[in-house]
Structures are given as C-alpha cells and as structure tokens.
Amino acid sequence: MTAWSTQFVPKTLRFCRLCGKETPHELREGSGMVVTVCVGCVERAMTYELDRE
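Values in this document were obtained by computation on a predicted structure and should not be read as measured data.

Strand direction decides the pairing type here: strand β1 (residues 11-15) and strand β2 (residues 22-30), joined by 5 bridges, are antiparallel. Bridged to Thr12 within β2 is His25. The loop that links β1 with its antiparallel partner β2 comprises 6 residues; one of these, Gly20, has a positive phi angle of about 70°. With 6 bridges joining them, β2 and strand β3 (residues 33-38) adopt antiparallel strand pairing. Opposite Glu29, over in β3, you have Val34 as the bridge partner. Linking two consecutive strands that pair antiparallel, namely β2 and β3, is a turn of 2 residues; a positive phi of about 55° is found at Ser31 within it.

Parameters at a glance
- Residues numbered from 1 in each chain as written.
- Predicted model: local features only at pLDDT ≥ 70, side-chain atom pairs only at ≥ 80, totals over all residues.
- Heavy atoms only, no water.
- Pairing = 2+ DSSP bridges.
- Helix = DSSP H or I, 4+ residues; strand = E, 2+ residues; numbered from the N terminus.

Here it is, written out as structure tokens:
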C-alpha cells in the first residue's frame, strides 16, 4: 500500500453508510484498487486501537 502524506491525499465529500453522515473521504490506492475511506470512521477506529491498552 502506498503511504501518502496527509496533505497530499485527495479528499472528497461523500455520504458514509457506516456513520450515516456526509463526511470527507480519502482516496487510497493499493494493489491496483482505488477506494474511498471515510476520514471520521478511520479516525474513530485508530483512536479505539490506541485506547485498547
């Protein structure tokens, strides 16, 4: 997977089916696929993983 700096990640505003909100999404590329990832859901998942200790 390509590691991109946060300032260079393309972002778009979309509706997220997981959180049910209109949020910014990042476009991420890896293994020949391009996906949109909800920024809010990723941040929530990352903080959950950090708080598990």
